[in-house]
Amino acid sequence: MNITERLATTKSSIGPTSPIHSSTVVSANEYYSNANYVSRHRTLGSSNKSTSTSQSTPGATPLPDSGTRYRRQRRGSHDDKAIKPRRFLIDVEETQRLILEQEDTDGDFQITVNDMGPKVITLGTADSAGFNKYDIRGTYMLSNLLQELSLAQDYGRKYVVLDEGRLNENPVDRLSRMIRHHFWDGLTRRIDAEGLEVIANDPKNRSRNTAPRIYVPFGEQEILEYYQEVQVQKPHLHLDVEQLPQEITPEYVQSINEKPGILALAMTKFVDEEGGETLKGVPFVVPGGRFNEMYGWDSYFESLGLLVDGRLELAKGMVDNFVYEIQHYGKILNANRSYYLTRTQPPFLTDMMLKVYDRLPHSLEIENKQWLAVTLTAAIKEYFTVWMSEPRYDPETGLSRFYSEGVGMPPETEATHFDHVIKPFAEAMGLSIEEYCRKYNKAEILEPELDTYFKHDRAVRESGHDTTYRLDNCCADIATVDLNALLYKYEVDIAEMIQIHFDDAFETPFVSSHNNSSSRTPSPPFVVHSSTEWLERARVRQERINQYCWNEERGMYFDYDTRLKTMGAYESVTTFYTMWAGCADRDKAERMMTTALPLFEVTGGLVSGTESSKGLITLSRPNRQWDFPFGWAPHQILAWIGFEKYGYMEEAKRTCYRWLYTITKSFVDFNGCVPEKFDVVRMTHKVEVEYGNVGVDFKFIPREGFGWMNASYQVGLGYMDRRLRRALGAVMEPSKVFDYRVKVATTKVNETTEEQPPDVTTHLFRPHRA
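Residues numbered from 1 in each chain as written. Predicted model: local features only at pLDDT ≥ 70, side-chain atom pairs only at ≥ 80, totals over all residues. Heavy atoms only, no water.

Counting residues in each nonpolar core, the largest one holds 205 residues, and the members touching the most others are Tyr 227 and Phe 576. For this core, the element with the highest residue contribution is helix H16 (residues 481-501), accounting for twelve residues. Among all residues touching Tyr 227, those that are not within four sequence positions of it are Ile 191, Asp 192, Leu 196, Ile 214, Val 216, Leu 239, Val 241, Ala 264 and Met 267. Counting residues in hydrophobic clusters, the runner-up holds 13 residues, among them Phe 425, Cys 437, Ile 445 and Leu 450. (Core = buried A, V, L, I, M, F, W, Y, C linked by side-chain atoms within 4.5 Å. Buried < 20%, exposed > 50% of the residue type's maximum accessible area, 1.4 Å probe, protein only. Helix = DSSP H or I, 4+ residues; strand = E, 2+ residues; numbered from the N terminus. Contact = heavy atoms within 4.5 Å.)

Another aspect to go through is helix H13 (residues 419-428). Along H13, the positions that sit buried rather than exposed are Val 421, Ile 422, Phe 425 and Ala 426. Taken around the axis of H13, the buried residues stretch over an arc of 115°, which confines them to a single face. Of the exposed residues in H13, those oriented more than 90 degrees away from the buried face are Glu 427 and Ala 428. Buried residues in H13 make contact with helix H14 (433-441) and helix H15 (448-463). Remark: Gly 430 follows H13 within two positions and exhibits a positive phi of approximately 70°. (Arc of directions from axis to C-beta.)

What follows is about the pattern of salt bridges. Inspection of the entire model under this criterion finds 53 salt bridges. The shortest N-O distance in the salt bridge between Arg 177 and Glu 169 comes to 2.7 Å. The class for Glu 169 is buried, based on a relative accessible area of 0%. Arg 563 serves as the salt-bridge partner of Asp 477, at 3.2 Å between the closest nitrogen and oxygen. With Asp 477 in the loop between H15 and strand E16 (478-479) and Arg 563 in the loop between strand E21 (560-561) and strand E22 (566-567), this pair connects stretches of sequence that are 86 residues apart. Among the residues examined, Arg 563 registers a relative accessible area of 56% and is labelled exposed. Counted as one network, the salt bridges with shared partners bring together Glu 148, Arg 166, Glu 169, Arg 174 and Arg 177. (Salt bridge = Lys/Arg side-chain N within 4 Å of Asp/Glu carboxyl O.)

Let us look at the sheet that holds strand E4 (residues 120-125). Ordered in space as E5-E4-E3-E6, the four strands form an open sheet in which the pairing is antiparallel. The strands lining the two open edges of the sheet, one partner per strand, are strand E5 (133-137) and strand E6 (159-163). Across the sheet, the mean angle separating the axes of adjacent strands is 45° when strand polarity is ignored. In the sheet, strand E3 (residues 87-91) pairs with E4 via two bridges, with the strands oriented antiparallel. Note that in E4 the partner of Phe 88 across the bridge is Thr 125. Those strands touched by helix H3 (residues 92-103) are E3, E4 and E6, and its axis lies near 90° from that of E3. Helix-sheet contacts for helix H4 (residues 139-154) involve E3, E4, E5 and E6, and the interaxial angle to E4 is about 55°. (Pairing = 2+ DSSP bridges. Axes fitted to C-alpha atoms, helices over the stretch in contact; angles between N-to-C directions.)

Turning next to unusual backbone geometry. A cis amide bond links Glu 390 with the next residue in sequence, Pro 391, at an omega value of 15°. Mapped onto the secondary structure, Pro 391 falls in the loop between helix H12 (365-387) and strand E14 (393-394). Residue Phe 628 is joined to Pro 629 through a cis peptide bond whose omega torsion reads 10°. As for its placement among the helices and strands, Pro 629 is situated in the loop between helix H20 (611-614) and strand E25 (630-631). Not every positive phi belongs to a glycine, and His 238 is a case in point at roughly 55°. Residue position: His 238 is located in the loop between helix H7 (221-233) and strand E9 (240-243). Taking the relative accessible area as the measure of exposure, His 238 reaches 60% and is therefore exposed. One non-glycine residue, Lys 565, adopts positive backbone phi at about 60°. Secondary-structure assignment places Lys 565 in the loop between E21 and E22.

By the bridge criterion, five bridges tie strand E11 (residues 267-271) to strand E12 (residues 277-281) in an arrangement that is antiparallel. Looking at the pairing, Thr 268 lines up with Lys 280 of E12. Connecting the antiparallel pair E11 and E12 is a turn made up of five residues, with Gly 275 showing a positive phi of about 85°.

On to the sheet that holds strand E10 (residues 262-263). Taken in spatial order, the three strands of this open sheet run E9-E8-E10, and their pairing is parallel. The sheet is open, and its two edges are formed by E9 and E10, each paired on a single side. When strand E8 (residues 213-216) meets E9, the two strands line up parallel, connected through four bridges. Within the sheet, the bridge partner assigned to Ile 214 lies in E9 and is Val 241. Of the strands in this sheet, E8 and E9 touch H7, which is tilted by about 165° from E9.

With that settled, the discussion passes to the side chain of Thr 397. Its location among the elements puts Thr 397 in the loop between E14 and strand E15 (399-400). For Thr 397, a relative accessible area of 2% puts it in the buried group. Separated by 2.7 Å, the side chains of Thr 397 and Asp 394 make a polar contact. Of the polar contacts made by the side chain of Thr 397, one reaches the backbone nitrogen of Leu 399; its length is 3.2 Å. (Polar contact = N/O pair within 3.5 Å; in protein donor to acceptor, adjacent residues only side chain to side chain.)

Between H4 and helix H5 (residues 171-187), the least distance of the axes is 13 Å, while the angle of their chain directions is 25°. Between H4 and H5, the interaxial angle falls into the category roughly parallel. By crossing handedness, the relation of H4 to H5 is classed as left-handed. Between H4 and H5, the contacting residues are Tyr 140, Asn 144, Gln 147 and Glu 148 on the first element and Pro 171, Arg 174 and Met 178 on the second. The class makeup of the residues in the contact of H4 with H5 is three nonpolar, two polar and two charged. (Parallel < 35°, antiparallel > 145°, perpendicular 65-115°, else oblique. Left-handed = near helix turned anticlockwise from the far one by under 90°. Nonpolar A, V, L, I, M, F, W, Y, C, P; charged D, E, K, R; others polar.)

A separate point is helix H19 (residues 586-600). Taking 1.5 Å of rise per residue, 15 residues should cover 21 Å, and H19 covers 20 Å from first to last C-alpha, within 8% of that figure. Along H19, the largest kink reaches about 40° and is centred on Met 593. (Expected span 1.5 Å × (residues − 1). Bend = angle between axes of the 7 residues up to and from the residue.)

Here is the structure:
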């Protein structure tokens, strides 16, 4: 059982670093809904600020920009030592007003280290009916107070008794609790009568037609009729219901770009309150911010966090939605919007379904086996029809590539995203950029050079790494090491499931791929799969990855250009995907840990690529968000698991601590902010890059975090031993933490002998229940 799987059972035994009153660790719903009703109005928060233009507060100093406002000087604590946990009697609205007026100096409705207020506010204690005062000091406690006041308002509270423990709560415990009880709920969506209004909103829609719209797959008549009924019952939605054609072509997808809409997902039948049978959408998690739909590889990482937090049914529902997408749209979609219909994303379905299956209740063994058979059938179909068919499959190398068929420009990007590309073409024809784009998208202008550019651009977006100079203007030709490592994992996982759960014989409908597309013999209606054939596919792919992608001299894996027939030179952290998938042998793993890890390990975790590979940055060649100096949750999670798999537990803990430290520091310093990505070199979420950052624009309190960032935190805590968790709660810099650990390890080096872990390549099957 690896760390991810073990976390659910071990996490509960890891307590906070200091005793906390029991009422401080409950969810907001439990805390504010009934237990702390306050009828007394004497509370009250106070800033001790003079509001008079003619009076001064004793001991205060004028603000430099005003002669009429004063702020308290910072000083050490003068408060009496508490003999029991303090509780404060608070006027919610008034205290919120005081905090914002005094502390939110930049006007963003957050209390952060960038605000220049005195960072102190006085509250009255509940035990004294507000008479005795106590100072709440510092960015972290004040931002927590602002957040708690916002939560109290959510529950209609005008006055509240607030435990001090909710203000000075260990930040690790607080963030983990917020993810578990609030963020996942804030990111959960359903596509049905109740959820349509939220999910239909698309911040990326730049067309003039912004009415909510849903597209239903061909042949799904019952679902189509359900949404048509919703259309009648909820006229205020102005819902447009469309049915997709049986064959979805790139030309068709482009034709509806001016009418973008959500794509229907799986639904289940249930009996409503009136006893009638109706449909209900299978829930899923969205990444957050402007990404308000179910994404491909985001969903895999989100599911890891959901499983850690015991949200099994939600994770299972996401697998069910993936199966629905394969069955009705032909692939796991980049995301379920109409403009993504020709595009998929990195494949993680087999590992995702196995992790869910392993946690299903044993009492439902027959139903579980049926569920696994359906999902396995879908995964095999996706493997052959998407990844082992041209143009994604390269028959010469036997490796696969990202390749999204499409016509014109991707419509979901920001309005000016391609201006630098279009400008020279527009100027050559004497057209504005806007006019040139319109004519190009309507095929009134034919430009092969742009066709090639957008072919590669769509492939980059399919890779999930949009954008990076690693794949710039070449992605559709590149057999990336990450994609092929993921497909190796598919092959091994499918072999495992067939052997362990289906007596080494699993029947599926026949599907066409490169292996049989040219055959003149009639195709059989069904095919029986065995573990042997799938293990052979894995062996062949492993051999090809080593042949085309391994660089012995540099001690790491690189991508391979199938058009130029050359190995790439871009140093990418995706080399560690091979360890997560288990396709690197022991010697290669050791080389990567020796030569590659130092290239990518920086203060805040693992950086996407090296600075030298990124190249020179200029006004015409700006930063790209999947290059140096940025770090992303998927790379961190896969590396930790890969390091653990090969026995490099200390490296897994160290790199994990760096990443969790980055998240925790942002959470403490920036009002609970949990963003999409970080600059892990400069240690900031304020990034200057093409898409900016997501998860940073909120008022008072974060409601969602960001999907895979939330997951990385919950998964990562499983790698923290008690000492590391204590250091993380104190927001201790990684260099200080690991300098100490190195000293401790050095004194013990001659006292213990660590046994070499087994070569994981000899253990293709991890233990599952029979």
